[in-house]
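Residues per chain are reported as follows:
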Amino acid sequence: MGRSRDIAEFLGKTESANTTNVALLNSTSNVGLDSAQVSSIANAAGLTVYATKENLPSSGLTSGDQAYVTDTSRLYISNGSGWYNVALINATPSLTIDPTGVIILSKEGAATTITLTGTDSDNAVDGLTFSVDSDGNFGGMGTISQDSSVFTITPLGEDSATTSTCTLTFKASDGISFGTGTSVLNLTFKVDNSKHTSILLKADVAATDQQVDASTNTHTITQSGVRSSALTPYHPGGYSWGWAGDGTDYFTIESPTSALSFGTGDFCLELWIYPFDVTASILADMRPASTNGPYIGALGFSSGNISLGFNGQSGSQLGFITSGAPVSTRQWSHIVLNRESGTSNIFVNGVREYTTTTEYNFLVGKFSLFKNAYPGGGINDGTGGWIRDYRVVKGSSVYGTGTTLPVPNEPLTAITGTSLLLFGKARRHDAVGVENVSYQSGHFDRIGPYNHSEYTPAEYGGSVYFDGNDNLDLDFNAIGTSDFTIECWVYIDDSVANQVICDTRPTSTDNTTGINIQFRSNNVAYVGSTGVAYITGSTVMADYSWNHIAVTRSGNTMTLWVNGKSDGTASHSVNLTSSDLKIGTNRTGSSVFNGNITDFRIVKSAVYTANFDPPTAPLTAITNTEVLTCTNKNNIWDTASSTSITKTGNVTASNTERKFATSSAVYFDGNSDHLHFLAAHQNVFALASNDFTIEMWVNFSIASSDTLYRRIFMADDGGNIANNFQILIDVGDGGYGPNGAILVWAQDGSNNNTGISSQTAINDNNWHHIAVSRTSGTVRFFIDGVRQGTNLTNWTHGFTGTPTPRIGSCNVTTEGNYAGYIQDFRFTNDFSRYTSDNSFTPPTAEFKG
């Protein structure tokens, strides 16, 4: 009786007579028959309707009496002495959707599969039908096909997609009623060549560097010295692990046998590498404790060539690459070492450089990066650079054994057979296949080999930078005896002893009514409520890596969580009456924090009660949130998020003049105003001899009193006037052109000067596009898409040391600060955007990456 015709006949109503209830006439209607409709029909048919089965009469019954019970949606018939259940009416099917949550569609056009599973108590599952409805936006982002309960969504391309989000409502029907569920789809396209962007300056007049409390309490925050940054664990470009190459940085796994012993089976070992140098150095060493093999040997560089190979018994080498240094300096290269059915291959950037059919039972005793693995081996002192997505897959060659393979354009994931996956996200402990790894120094930096979607503060958040003298101070509603959670992400810049994340004690001597959370000298998290409870964790959190810290109280148990895992517990039931909160320092200011903090949140409930995956998106003000702060509230920020920006003077966001109304420009008053980009780890801004592009929109005029130059941009070797690069405005006395001409100036380490000057002045209070690019040693200079002057050729020198880019002033003098507006300043490393002498049309929309 699961169909509407059966129900109609049972109730004595014919379909032709049922003119008021379409659901009975049409079993495929998208409007199901609900309990109220059934009850109405039952009354009309002479049935007696009861609220519950306990209301069914137990006496005075006549054989054939019929009843309908609303709370169970069941029909009953009497034999004169009792009741028999005849049918379940209108049981709504249940529906589950896989995957759950928000579904991110591929920007590359790859299809996404959504599978529905339905159950129904009064129908066989194979009798259910499935359908989907859109909120009206889906047609602008993709197409959908259906095979029973499996739906395949193919996104549109960037040139044809007109919407970026929609909601789909999936349904499972038994022909009468429907079980429903919704999925939100997001489609965000990657920005071409965004992987090369080292700086992209953005501004918004609606924002401010004053930190706010995003909870419903909106507590007032007093801040001292902090500044906002777009550095965040959620950045769409991800992070890579950097090493200095000076003998201080390395990574080891002491007992990786199960993860890296391949026997005679298929396997794939791959990684991305960005080396500063390709002289002699070991990058990865997988040799056992002795030199006897067979084993996968060492990956490294030798005399400019890549050396990557297998080793056999007693260390004899089976194969390696020595073909013309296929790995270039200061560029990302993808390296694959795989074996399929006895055939082993080495690929560099998708091209097979070596192959062999020799088969060995490969064993591994230890695994090291940038350090010899066998006893007596030292730490390497060569190269330096970044590594990303080091993945080992057992049982599959992944890419086959052809002469070429596709180079990944998305971050690697833990596919079937993955036994090791390192350096994929923002934190060191986000690894697959190992728990206990050993890091020595090193750092996670916002750089990588993949293009990514546009960064916006609203979607990806940001952080607050504390330089060791900064703090936030606020009053909040005391925790009392309730359960609670205090959590945040931290990125430690310097392993100073007793770095304090927060302190809720009201005074330096009241140690019983508040809690402080800090790092000890070995960077192990510590939480204390003095005289009551202490927890000292065991997880070491090295510098320059994001780590999620949480402290909860559930009942009488306080727990310290590090990166989603319990790192210690203590009994704690104290009434926490303090209503004072310091972030970035303790109550006395004697212990401070140096680094970035984001998503600092206090919730008056235990958010975490078991091991969990750390958040993958900015935190929100959930129920019982008391405080939520430390996000990117700055009005000027760097979307590439390679470093923090220091604002000097009155530099500010402005809508008075702007090239693109979709964002704000940055205004410099010509006095002390400038933006200083802190030197990022391992020379993110060092050009060396690489291709590059520096471009921006400018709008300025010059005063009659101006002399010599006004500097728009400068980068040099740590304040040394030699070996620098500048973009200046010639205001007349420089002798390189008319007042308002632009000069591109380069100076090498031996003070050899060279430059290109425009012969046209642009000091007219109008917007002009300036671009400087280097392509294979040739420097070109463009204004509004037109090449200026004579190209610089064979100009291969660049910044060394720790370059410190600055906008609006000189690094080594106080003269000649820029006065005017700048919008969309972009610094692109390893890539030339303008490679021809031909004119081009300047950008017509603001930059996204």
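Residues numbered from 1 in each chain as written. Predicted model: local features only at pLDDT ≥ 70, side-chain atom pairs only at ≥ 80, totals over all residues. Heavy atoms only, no water.

**A closer look at the overall build of the protein chain**
Keep this limit in mind: For the purposes of this entry, the term helix denotes a DSSP run of H or I that reaches at least four residues, the term strand denotes a run of E that reaches at least two, and both are numbered from the N terminus. For the exposure calls, accessible area comes from a 1.4 Å probe over protein chains only, and a residue counts as buried if that area is under 20% of its type's maximum, exposed if over 50%, partly exposed in between. In what follows, residue pairs with any heavy atoms lying within 4.5 Å of each other are defined as contacts. Note on areas: Shrake-Rupley with a 1.4 Å probe; residue coverage comes only from the protein chains shown.
Within the protein chain, the secondary structure is distributed over five helices and 58 strands. Per-residue burial over the protein chain gives 54% buried out of 849 residues. If you take every contact in the protein chain between residues at least 6 apart in sequence, the share linking residues at least 24 apart comes to 67%. Put simply, the protein chain shows about 32300 Å² of open surface, and 45% of that area lies on carbon and sulfur atoms.

**Some words on the pairing of strand E9 (residues 142-147)**
To keep things clear, this is the line we draw: Only when DSSP finds a minimum of two bridges between them are two strands counted as paired.
Sheet topology places E9 next to strand E10 (residues 150-155); six bridges connect them, and they run antiparallel. Residue pairing in the sheet places Gly-142 in a bridge with Pro-155 of E10. In sequence, E9 turns back onto E10 through a hairpin of two residues, with Ser-148 there showing a positive phi of about 60 degrees.

**Here we look at the environment of Leu-105**
Along the polypeptide, Leu-105 turns up in the loop between strand E6 (103-104) and strand E7 (112-119). Note on Leu-105: relative accessible area 1%, which makes it buried. Considering only alpha carbons, one finds Leu-105 and Leu-156, 51 residues apart in sequence, at a separation of 9.8 Å. Discounting chain neighbours no more than four positions away, the residues touching Leu-105 are Thr-112, Met-141, Ile-153, Pro-155, Leu-185, Asn-186 and Leu-187.

**Things to note about the layout of surface pockets**
This is how the line gets drawn: Cavities and pockets were defined on a 1 Å grid built from protein atoms only: a cavity is a group of points that admits a 1.4 Å probe but offers it no way out, a pocket is an open group of points flanked by protein on both sides within 12 Å along at least five of seven lines, and a lining residue is one with an atom within 4 Å of any such point. Grid points are joined across faces, edges and corners, and a volume is the space filled by probe spheres set on the points. Polarity classes work like this: nonpolar for Ala, Val, Leu, Ile, Met, Phe, Trp, Tyr, Cys and Pro, charged for Asp, Glu, Lys and Arg, and polar for all others, with Gly in that last group.
Roughly 550 Å³ of internal volume is contained in the second largest pocket. Forming the walls of the second largest pocket are 24 residues, and the residues nearest its centre are Glu-158, Thr-188, Phe-189, Glu-454 and Lys-848. Among the residues forming the lining of the second largest pocket, the class breakdown is six nonpolar, nine polar and nine charged.

**A look at unusual backbone geometry**
Residue Pro-99 is bonded to the preceding Asp-98 through a cis peptide linkage, with omega at 5 degrees. Relative to the assigned elements, Pro-99 resides in the loop between strand E5 (94-98) and E6. For Cys-630, which is not glycine, the phi torsion reads 70 degrees and is therefore positive. Here Cys-630 is to be found in the loop between strand E43 (625-629) and strand E44 (636-638).

**Observations regarding a nonpolar patch on the surface**
Keep this limit in mind: Patches draw on residues past 30% relative accessible area with no salt bridge. Two like charges within 9 Å are joined, as are two nonpolar side chains (Val, Leu, Ile, Met, Phe, Trp, Tyr) within 5 Å. Every case where a carboxyl oxygen of Asp or Glu lies within 4 Å of a side-chain nitrogen of Lys or Arg is listed as a salt bridge.
Taken together, the side chains of Ile-77, Tyr-84 and Val-86 make up a nonpolar region of the molecular surface, amounting to roughly 240 Å² of accessible area. Note that Tyr-84 resides in strand E4 (residues 83-88).

**What to know about the sheet that holds E6**
In spatial order, the strands read E6-E12-E11-E8; together these four strands make up an open sheet with mixed pairing. In this open sheet, the two strands that pair with only one neighbour each are E6 and strand E8 (129-134). In the sheet, E6 pairs with strand E12 (residues 178-186) via two bridges, with the strands oriented parallel. Paired with Ile-104 across the strands is Asn-186, a residue of E12.

**A word on empty space enclosed by the protein**
Counted according to the given criterion, the structure contains four cavities of 30 Å³ or more. The volume enclosed by the second largest cavity comes to roughly 50 Å³. What lines the second largest cavity is Ser-194, Thr-197, Leu-200, Arg-446, His-452, Tyr-455, Thr-639, Ala-640, Lys-848 and Gly-849. Residues that form the lining of the second largest cavity fall into these classes: three nonpolar, five polar and two charged.

**Thoughts on the pattern of salt bridges**
Between side chains of opposite charge, a pair can form when the charged atoms approach closely. Across all of its chains, the model carries 14 salt bridges by this definition. Across the pair Arg-833 and Glu-695 runs a salt bridge, and its minimum N-O distance is 3.9 Å. Here the residue Arg-833 occupies a position in the segment after strand E58 (819-829), and Glu-695 occupies one in strand E49 (residues 692-699), the gap between them amounting to 138 residues. Classification of Glu-695 as buried rests on a relative accessible area of 0%. Taken together, the salt bridges that share partners define one network made up of Lys-202, Asp-824 and Glu-846.

**A few points about the packing of aromatic side chains**
Applicable threshold: Only Phe, Tyr and Trp rings take part, Trp by its six-membered ring, and two of them pair if their centres are within 6.5 Å. Stacked means planes under 30 degrees apart, edge-to-face means over 60, and tilted covers everything else. Definition used: whenever NZ (Lys) or CZ (Arg) falls within 6 Å of the ring centre and also within 35 degrees of the ring normal, the charge is taken to sit over that ring.
Under the counting rule described, the total for this entry stands at 24 aromatic pairs. With 5.2 Å between their ring centres and 65 degrees between their planes, Phe-151 and Phe-170 make a pair best called edge-to-face. Here Phe-151 is found in strand E10, whereas its partner Phe-170 is found in strand E11 (residues 165-173), with 19 residues between them in sequence. Under the relative-accessibility criterion, Phe-170 is labelled buried at 0%. Residue placement shows Arg-826 over the ring face of Phe-847; its charged tip is 3.8 Å from the ring centre.

**As for the nonpolar core**
Note the threshold: To qualify as a nonpolar core, a set must consist of buried Ala, Val, Leu, Ile, Met, Phe, Trp, Tyr and Cys residues joined through side-chain atoms within 4.5 Å.
Ranked by internal contacts, the top residues of the largest apolar core, which has 41 residues, are Leu-675, Ile-712, Phe-725, Ile-742 and Phe-825. The element that contributes the greatest number of residues to this core is E49, accounting for four residues. The residues touching Leu-675, leaving out its near neighbours within four places in the chain, are Leu-201, Ile-636, Ile-645, Thr-646, Lys-647, Val-651, Val-666, Phe-668, Pro-805, Arg-806 and Ile-807. Core analysis: the next-biggest nonpolar cluster, separate from the first, contains 39 residues, Phe-466, Ala-533, Val-562 and Ala-570 among them.

**Observations concerning the pairing of E10**
Side chains of E10 alternate between two faces, with Phe-151, Ile-153 and Pro-155 buried and Val-150, Thr-152 and Thr-154 left unburied. Summarising the sheet, E7 and E10 pair through four bridges and their orientation is antiparallel. Note that in E10 the partner of Thr-112 across the bridge is Ile-153.

**Brief notes about the sheet that holds E10**
We apply this condition: Geometry is summarised by axes, namely lines fitted to C-alpha atoms with helices restricted to the contacting stretch, and by angles between N-to-C directions that run from 0 to 180 degrees.
The strand order E5-E7-E10-E9 describes an open sheet built from four strands, whose pairing is antiparallel. One side of each edge strand has no neighbouring strand; the edge strands of this open sheet are E5 and E9. Taking each pair of neighbouring strands and ignoring which way they run, the sheet shows an average axis angle of 20 degrees.

**Things to note about the side chain of Gln-726**
If you trace the backbone, Gln-726 turns up in strand E51 (residues 720-730). Excluding residues that lie within four positions of it along the chain, Gln-726 makes contacts with Arg-711, Phe-713, Met-714, Leu-743, Val-744 and Trp-745.

**Remarks on the state of the cysteines**
To keep things clear, this is the line we draw: Here, the term disulfide refers to a pair of cysteine sulfur atoms separated by no more than 2.5 Å.
Under the defined criterion, the tally for this structure stands at zero disulfides. Between Cys-630, a free cysteine, and Cys-488, which holds the nearest cysteine sulfur, the sulfur-to-sulfur gap is 7.6 Å. Residue Cys-630 is classed as buried on the basis of its relative accessible area of 0%.

**A look at the side chain of Asp-673**
Selection criterion: Only four residue types enter the tally: Lys and Arg on the positive side, Asp and Glu on the negative side, with His and both chain ends excluded. We define a polar contact as two N or O atoms separated by no more than 3.5 Å, with the added condition that, inside protein, one atom must be a possible hydrogen donor and the other a possible acceptor, whereas residues neighbouring each other in sequence contribute only through side-chain atom pairs.
Mapped onto the secondary structure, Asp-673 falls in the loop between strand E47 (665-669) and strand E48 (674-677). Buried charge without a salt bridge: Asp-673, with Arg-710 as the nearest opposite-charge side chain at an N-O distance of 9.7 Å. At 2.5 Å, the side chain of Asp-673 and the backbone nitrogen of Asn-650 are in polar contact. Within the local environment of Asp-673, its side chain forms a polar contact with the backbone nitrogen of Asp-669, the two atoms lying 2.7 Å apart. Leave out the neighbours within four places in its chain, and Asp-673 touches Thr-648, Gly-649, Asn-650, Val-651, Tyr-667, Phe-668, Gly-808 and Asn-817.

**Concerning the environment of Asn-611**
The topology assignment puts Asn-611 in the loop between strand E42 (594-603) and E43. On the basis of relative accessible area, Asn-611 is assigned to the exposed category, the value being 53%. Taking the C-alpha atoms as reference, Asn-611 lies 9.5 Å from Val-562; in sequence the two are 49 residues apart. Those residues in contact with Asn-611, other than ones at most four positions away along the chain, are Trp-561, Gly-564, Lys-565 and Ser-566. There is a polar contact of 3.0 Å between the side chain of Asn-611 and the backbone nitrogen of Ser-566.

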